[in-house]
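Descriptive analysis of the structure
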Amino acid sequence: MAAASAVSVLLVAAERNRWHRLPSLLLPPRFPGLFRTWVWRQRTMKYTTTTGRNITKVLIANRGEIACRVMRTARKLGVQSVAVYSEADRNSMHVDMADEAYSIGPAPSQQSYLSMEKIIQVAKTSAAQAIHPGYGFLSENMEFAELCKQEGIIFIGPPPSAIRDMGIKSTSKSIMAAAGVPVVEGYHGEDQSDQCLKEHAGRIGYPVMIKAVRGGGGKGMRIVRSEQEFQEQLESARREAKKSFNDDAVLIEKFVDTPRHVEVQVFGDHHGNAVYLFERDCSVQRRHQKIIEEAPAPGIKPEVRKKLGEAAVRAAKAVNYVGAGTVEFIMDSKHNFYFMEMNTRLQVEHPVTEMITGTDLIAAGEKIPLSQEEITLQGHAFEARIYAEDPSNNFMPGAGPLVHLSTPRADPSTRIETGVRQGDEVSVHYDPMIAKLVVWAADRQAALTKLRYSLRQYNIIGLHTNIDFLLNLSGHPEFEAGNVHTDFIPQHHKELLLSRKAAAKESLCQAALGLILKEKAMTDAFTLQAHDVAIAVTYNHDGSYSMQIEDKTFQVLGDLYSEEDCTYLKCSVNGVASKAKLIILENTIYLFSKEGSIEIDIPVPKYLSSVSSEGTQGGPLAPMTGTIEKVFVKAGDKVKAGDSLMVMIAMKMEHTIKAPKDGTIKKVFYREGAQANRHTPLVEFEEEESDKRESE
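Residues numbered from 1 in each chain as written. Predicted model: local features only at pLDDT ≥ 70, side-chain atom pairs only at ≥ 80, totals over all residues. Heavy atoms only, no water.

Helix and strand counts for the protein stand at 22 helices and 40 strands. Across the 696 residues of the protein, 56% fall into the buried class. Counting only contacts in the protein whose residues sit at least 6 apart along the sequence, the fraction spanning at least 24 positions is 63%. When the accessible surface of the protein is totalled, it reaches about 29,700 Å², and 49% of it is carbon and sulfur. (Helix = DSSP H or I, 4+ residues; strand = E, 2+ residues; numbered from the N terminus. Buried < 20%, exposed > 50% of the residue type's maximum accessible area, 1.4 Å probe, protein only. Contact = heavy atoms within 4.5 Å. Areas by Shrake-Rupley, 256 points an atom, 1.4 Å probe, with all protein chains shown as cover.)

Right, here's the structure in full:
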């Protein structure tokens, strides 16, 4: 009880304090009910637990944006924060934000952020009375919650019994069925033999979903569409589950085709009361992980919304849930819904719920003072997760420095949750999420417009990101219409991955002017090569430039100026004025404007170009920097095209390397456990003689 009572204070209580100062910006007069909710929040907010113990120092057993989020709240409440960090995070933002910080070991999470003993020891050393686990890592680990209790440390989260019952999916399904919550047909038994699981998959009928019994976030989850691929997918799911949750047990469920993923925010107190704070739609996913969320879910009728909420409350009451939690459902095209799992923590996407209800998710150890009818829904909110990944390469996670990072300005209806700054490194060892961009507006269309505007202002250079993909996604006609489901990205793959159009000639003129002004080149005439296009530039003595591209001449005039540590180009091309952020790095010019962003390459001579990216003797290259988890072949082995060669783990993702052609393995360059850098050869591959003759 003591642990749960502290949840609110350290999670979200202070996030909206700034909104108390500027209520008119967020809450127009037609939303009077939200003021009452805020008064309640202020009135019931308490900074002590039910045991009477004051929390003056909290240890955050996490990293990245959630660690920074908790620290900001702790600071506003006058609570000291203690950070823990791995060697890879020594110079990270959450370490700098904390009042104290302690190293807990090497980069791999098993030796640092998942080491319960090390974290407990830091809590004792620093005299922290409480531990906040954030999300992921140890946040839903019952053993860790129990260990905190044994050591007299407050675990900021729900009771261990709720974590246990809801954390083990097989147990949770049984509890939900008994509570009258609809569940999907499946096998949740203890017999984990390959044969038993395969038999149940056949009984249920393909396609089926293999899921790790513990954990979430898409880890240890595989869709199996036929009996032939069952064994390989089972082994892959088990490996990932073991790596992520230290438990390789799985369950089998019927896979509902093209479903929606809808989840309900619930809240329980110590007096047996529970309420729901409406639903979020999290259907648009890649790799079974959410990429954009919104609240409320589009197209849900009030009667379905009520049934969803009531089912979620039944689920929470069935395990005596206390604090903020999330009940996840899958929903078919007819709006029938089925229990999927319950997350016994605050979700990554909780800000969209806060935005539409005007509440902070608070548990102060008292009875919930509002009835369900008094919790109102207003407006619409979106959360876009900005990742270091390459959507054009199967959303391959990336790593590297954030050479340039600038964001939209935060305001009462725009939240930016991040754990990185310009110059920081996105590490290969952890989740590649850079930030969460959250926006609110009075209705869905207005919120979508605000989301797209804000995404255009989120400018990153140094690594691949999904920002352009999110722009394409948020502007897709089917997304605008609210026709979302979990197959949305595969179904609309081509349109969502449309590459940027070739730079317009006017943009080339802008880029050329920016380069000239930045480099202070004052030559009367010269030719610039950009994007394989020759730009003949003539300096006019009135300060303007004449630029000829192919058969067209442009009159170009402009200047540079600085604003908030950024360089901007004010430019007029044939009398049409524009403004763009200008960044020149190595051989690339970047222009960011309200119309979007463009990159223009200034090519280098061929003899300076990097080596071809083809693998040794046609062998595969490492698609990302990571650890070789499993090696299936050795020198001399004959393989067929598509055969699995090895498995790599990087950024919490498992990637199977497959043979590109029939052939023989001549040499394997890496052993299991070794680190391989991106684009390095993994094996030397000898093609079959017939293939060689064909290529000749």
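Once that is clear, we can look at the pairing of strand β15 (residues 323–331). For a regular strand, side-chain orientation follows a simple rule: the groups alternate between the two sheet faces. Taking burial as the measure, the 9 residues of β15 include 9 buried ones, the bulk of the element. In this sheet, β15 lies alongside strand β10 (residues 260–268) in antiparallel orientation, the contact comprising 9 bridges. Residue pairing in the sheet places G268 in a bridge with G323 of β15. Looking at chain direction, β15 and strand β16 (residues 337–343) are connected through 6 bridges and run antiparallel. When the sheet's bridge partners are listed, T326 is paired in β16 with N343. Counting the residues in the hairpin turn of β15 and β16 gives 5 residues, including H335, whose phi is positive at 70°. (Pairing = 2+ DSSP bridges.)

The next point concerns the side chain of D281. With respect to the secondary-structure elements, D281 resides in strand β11 (residues 274–281). Note on D281: relative accessible area 3%, which makes it buried. A distance of 2.7 Å separates a polar atom in the side chain of D281 from a polar atom in the side chain of S283. Leaving out residues up to four positions away in the same chain, D281 has contacts with R260, H261, V262, I292, E293, E294, A297, P298 and V484. (Polar contact = N/O pair within 3.5 Å; in protein donor to acceptor, adjacent residues only side chain to side chain.)

Buried residues dominate strand β36 (residues 644–650), accounting for 6 of its 7 residues. Where strand β34 (residues 626–631) meets β36, 4 bridges bridge the pair, whose relative direction is antiparallel. Along β36, the bridge assignment pairs V631 with M646.

It is worth spelling out the sheet that holds strand β32 (residues 588–593) at this point. Read across the open sheet, the 8 strands follow the order β26-β27-β28-β29-β30-β31-β32-β33; overall the sheet is antiparallel. Unpaired on one side and paired on the other, β26 (525–530) and β33 (596–601) mark the two borders of the sheet. Strand-to-strand twist across the sheet, computed as the mean angle between neighbouring axes with direction ignored, equals 35°. In this sheet, strand β30 (residues 566–573) lies alongside strand β29 (residues 552–563) in antiparallel orientation, the contact comprising 8 bridges. Among the inter-strand pairings, G558 is bridged to a residue of β30, identified as C571. Relative to the sheet, helix α21 (residues 505–519) contacts β26, β27 (533–539), β28 (545–549), β29, β30, β31 (576–585), β32 and β33, its axis offset from that of β29 by approximately 50°. (Axes fitted to C-alpha atoms, helices over the stretch in contact; angles between N-to-C directions.)

The full count for this structure, using the stated rule, is 10 aromatic pairs. Between F395 and F469, the aromatic rings sit 5.0 Å apart at their centres with planes inclined by 85°, giving edge-to-face as the arrangement. Of this pair, F395 sits in the loop between β18 (389–390) and β19 (396–397) while F469 sits in helix α17 (residues 467–474), placing them 74 residues apart in sequence. Each member of the pair, F395 as well as F469, carries the same accessibility label: buried. Among the aromatic side chains, those forming a connected cluster through ring pairs are Y113, F137 and Y430. Against the face of Y561 rests K570, its NZ or CZ located 5.9 Å from the ring centre. When the ring centre of Y568 is taken as origin, the NZ or CZ atom of K579, which lies over that ring, is 5.0 Å away. (Phe/Tyr/Trp six-rings, centres within 6.5 Å; stacked < 30°, edge-to-face > 60°. Lys NZ or Arg CZ within 6 Å of the ring centre and 35° of its normal.)

Next up on the list: helix α9 (residues 142–150). Since the α-helix packs 3.6 residues into each turn, any two residues three or four apart lie on the same face. Within the span of α9, buried status applies to M142, F144, A145, L147 and C148. In this structure, the buried residues of α9 make contact with α8 (116–126), β4 (130–132), β5 (154–155) and α10 (160–167). The opening residue of α9, the one whose side-chain oxygen lies 3.0 Å from the backbone nitrogen of E143, is N141. Of the residues one or two after α9, G152 is the one with positive phi, at around 75°.

Here we take up the environment of D165. Its location among the elements puts D165 in helix α10. Among residues more than four places away in sequence, those in contact with D165 are T171, S172, I175 and V319.

Turning to the packing of helix α16 (residues 444–456) against α17, a few remarks are in order. With their axes 10 Å apart at the nearest point, α16 and α17 run at an angle of 160° to one another. Our classification of the angle between α16 and α17 gives roughly antiparallel. Between α16 and α17 lies a crossing whose hand is left-handed. In contact with L448, L451, R452, L455 and R456 of α16, α17 contributes I467, L470, L471 and S474. Of the residues contributing to the contact of α16 with α17, the split by class is 6 nonpolar, 1 polar and 2 charged. (Parallel < 35°, antiparallel > 145°, perpendicular 65-115°, else oblique. Left-handed = near helix turned anticlockwise from the far one by under 90°. Nonpolar A, V, L, I, M, F, W, Y, C, P; charged D, E, K, R; others polar.)

Strand order in this open sheet of 5 strands is β3-β2-β1-β4-β5, and the pairing throughout is parallel. Each having just a single partner strand, β3 (100–103) and β5 make up the two edges of the open sheet.

When the terminal C-alpha atoms of α16 are compared, their 19 Å separation across 13 residues agrees well with the 18 Å that a helix rising 1.5 Å per residue should span. Three or more residues of α16 are buried, namely R444, A447, L448, L451, R452, S454 and L455. Seen along its axis, α16 keeps its buried residues to an arc of 165°; they face one direction. Packed against the buried residues of α16 are β14 (292–295), β17 (380–387), β22 (414–418), β24 (433–441), α17 and α18 (477–480). (Expected span 1.5 Å × (residues − 1). Arc of directions from axis to C-beta.)

As a further point, take the packing of helix α12 (residues 194–204) against helix α13 (residues 230–245). How two helices sit against one another is set out by the angle between their axes and by the gap between those axes. Contact geometry of α12 with α13 gives a least axis separation of 11 Å together with a crossing angle of 120°. Put simply, α12 runs oblique to α13. The handedness of the crossing between α12 and α13 is right-handed. Contacts from D194, L197, K198 and A201 of α12 reach α13 at F230, Q231, L234 and R238. Looking at side-chain class alone, the contact of α12 with α13 contains 4 nonpolar, 1 polar and 3 charged residues.

Let us look at the environment of A127. Tracing the backbone through its elements, the reader meets A127 in the loop between α8 and β4. Sequence separation between A127 and T56 is 71 residues; the distance between their C-alpha atoms is 9.6 Å.

Once that is clear, we can look at the confidence of the model for the protein. Of all residues in the protein, 86% attain a pLDDT of 70 or more, and the chain-wide mean is 84. In this model residues 1–52 is a low-confidence stretch, pLDDT under 50, and it forms 137 contacts with partners more than four residues away in sequence or in other chains. Counted against residues more than four places away or in other chains, residues 692–696, with its pLDDT under 50, gives 2 contacts. (pLDDT = per-residue confidence, 0-100.)

Glancing now at the nonpolar core. Residues V266, L308, V327, F329, F339 and M342 are the most contacted members of the largest nonpolar core, which totals 43 residues. The dominant element in this core, judged by the number of residues it contributes, is helix α14 (residues 302–318), at 7 residues. Once residues within four sequence positions are removed from consideration, F339 is found in contact with M166, S172, K173, M176, V181, P182, V183, V184, V327, E328 and F329. In this structure, I292, V426, L437 and F469 belong to the second largest nonpolar core, which totals 35 residues. (Core = buried A, V, L, I, M, F, W, Y, C linked by side-chain atoms within 4.5 Å.)

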